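So the chains spell out like this:
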Amino acid sequence: MKNIIKSSLIVLVLVLCTACNGSVTRDIRHAGFSIDKKFICDSFYPADKEDTSYNKIRYFTDTHLIDRDGNIYELSLDKPYQNSQNCKKADTNITVKAIFDDKIIKGTDDKYYYLVSQNGVSSYSEIPKTDNSYELYNLVLKDVDVVKVVTANSSTGEYYLLKTDGNVYSYTIAKKDYNSPSKVTAISTVYNKNDYDSEIIDFNYAGNSLNTFIRTNNKVYRMHITNSEQCNKYADIACKYAMGEDQLFVEYPDRIIMFNGNRLITDYQQMFTVAS
């Protein structure tokens with residue numbers, strides 16, 4: 001009899017969990033996301049509701065995951081590795097201090113590295129000063145308080161830098177002529193922590209796009225369309241965008257493991273992407 005009761009309780013819990021996950025999935029879809037693949041990477045999920053010791057994701061790109069301690073993991077989102085996971089620890093001793101456009105990283109040794117292979121150079125190789133973009137990398141990453149850089153407008157030389165003070169700054173970089181060195185010609189605050197609830201700890205900038213977001217210690221603010229009904233219906237009405245707090249992250253603060261502006265991962269291993 002005890003075994004029957006125990007089995008019934010297990011079934012009941014599984015049914016309730018499945019129903020709960022279904023409600024989370026529904027609300028995420030209503031918030032403008034599409035269901036994607038499962039993401040299996042066990043060390044980044046809590047064992048239960050009380051578990052707070054599990055590893056946390058700091059940055060999540062198309063190719064890599066970087067945890068809160070700066071460790072690098074390689075990703076395979078289409079199919080698992082031999083370890084039956086969609087992630088594996090990278091074969092490198094680099095500890096990441098800052099990241100630039102999801103492709104360049106600065107290590108705790110203050111050297112710059114390629115996060116992804118490019119121009120025949122393998123991942124995790126140190127960037128030589130002969131690299132044509134080394135001057136740019138050094139200008140935006142050299143300060144000790146920079147943790148993330150995103151290209152805002154390559155045509156005008158504008159870059160957004162997240163610093164440890166919790167603000168995002170706009171740096172404009174230009175050169176007098178072809179033979180002159182590049183310099184920072186203007187600095188301004190583009191996202192001020194005082195305009196939000198606390199210090200900014202992560203962000204992505206993609207212009208007037210649903211992929212633009214700001215994360216603070218407590219909340220997530222996302223770009224959203226304010227006239228979606230009209231701009232989706234009429235070809236001659238442009239969509240208007242505004243940044244606002246996303247209630248999805250208020251409703252499910254412990255169910256969302258990762259959000260990077262494009263992808264979202266829940267604690268039940270389901271991955272979603274921002275609907276286009």
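Here, the structure is the one placed above.
Residues numbered from 1 in each chain as written. Predicted model: local features only at pLDDT ≥ 70, side-chain atom pairs only at ≥ 80, totals over all residues. Heavy atoms only, no water.

**Side note on the side chain of Lys163**
Next, step 1: Its place among the elements puts Lys163 in strand E10 (residues 158-163).
Next, step 2: Setting aside chain neighbours within four positions, we find Lys163 in contact with Asp143, Asp145, Val146, Tyr169 and Tyr171. (Helix = DSSP H or I, 4+ residues; strand = E, 2+ residues; numbered from the N terminus. Contact = heavy atoms within 4.5 Å.)

**Side note on the pairing of strand E17 (residues 256-259)**
Next, step 1: In the sheet, E17 pairs with strand E18 (residues 263-266) via 3 bridges, with the strands oriented antiparallel. Bridge assignment links Ile256 to a residue of E18, and that residue is Thr266.
Next, step 2: Linking E17 back to E18 in an antiparallel pair, the connection comprises 3 residues, with Gly261 at a positive phi of about 100°. (Pairing = 2+ DSSP bridges.)

**Points about the packing of aromatic side chains**
Next, step 1: Overall, the coordinates contain 11 aromatic pairs when judged by the stated rule.
Next, step 2: A ring pair is formed by Phe33 and Phe259, whose centres lie 6.0 Å apart and whose planes are at 75°; its orientation type is edge-to-face. With a gap of 226 residues between them, Phe33 in strand E1 (residues 33-38) and Phe259 in strand E17 connect regions that are remote in the sequence. For the pair Phe33 and Phe259, one class covers both residues: buried.
Next, step 3: Judged by centre distance (5.6 Å) and plane angle (55°), the ring pair of Tyr112 and Tyr134 falls under tilted. With Tyr112 in strand E8 (residues 112-114) and Tyr134 in helix H2 (residues 134-141), this residue pair connects regions lying 22 residues apart in the sequence.
Next, step 4: Over the ring of Tyr54 we find Lys56, and its NZ or CZ is 4.2 Å from the ring centre.
Next, step 5: One Lys or Arg, Lys89, reaches over the ring of Tyr73 and ends 5.9 Å from the middle of that ring. (Phe/Tyr/Trp six-rings, centres within 6.5 Å; stacked < 30°, edge-to-face > 60°. Buried < 20%, exposed > 50% of the residue type's maximum accessible area, 1.4 Å probe, protein only. Lys NZ or Arg CZ within 6 Å of the ring centre and 35° of its normal.)

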